[in-house]
Amino acid sequence: MADASLFSILTFQRRPGLWRASISPKVNANSAIKGKTMLGFVTEDDSDSEEAAETAAKRAIKKL
């Protein structure tokens, strides 16, 4: 289970009424290991609201 405080979540409206979240790790440039850095990802499914998209992002982070 990953620590949610180590990630940045940005919600966006993909189409009217359909929300997703982009998840990116908060990485210090000096601590990155070449070939081992995750750039980020987007939640798989559309959500009905911004809050639901953020909740889906937090669930995805817990699965890491």
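Residues numbered from 1 in each chain as written. Predicted model: local features only at pLDDT ≥ 70, side-chain atom pairs only at ≥ 80, totals over all residues. Heavy atoms only, no water.

Chemist: So what exactly am I meant to see when it comes to the pairing of strand 1 (residues 7-15) here?
Modeler: The two faces of a sheet get side chains in turn, since along a regular strand they alternate between them. Relative to strand 2 (residues 18-25), strand 1 runs antiparallel, the two sharing eight bridges. Bridge pairing in strand 2 links Ile9 to Ile23. Between strand 1 and strand 2, which pair antiparallel and follow one another directly, the connecting turn spans two residues, one of which, Gly17, has a positive phi of 85°. (Pairing = 2+ DSSP bridges. Helix = DSSP H or I, 4+ residues; strand = E, 2+ residues; numbered from the N terminus.)

Chemist: Would you mind going over the sheet that holds strand 3 (residues 41-42) with me for this structure?
Modeler: Within a sheet, neighbouring strands are paired by backbone hydrogen bonds and run either parallel or antiparallel to one another. An order of 1-2-3 is seen for the three strands of this open sheet, with the pairing classed as antiparallel. Two strands in the sheet have a free side with no partner beyond their single neighbour: strand 1 and strand 3.

Chemist: I keep staring at the pairing of strand 2 and nothing clicks. Help me out?
Modeler: Sheet topology places strand 2 next to strand 3; two bridges connect them, and they run antiparallel. Pairing of Ile23 across the sheet is with Phe41, part of strand 3.

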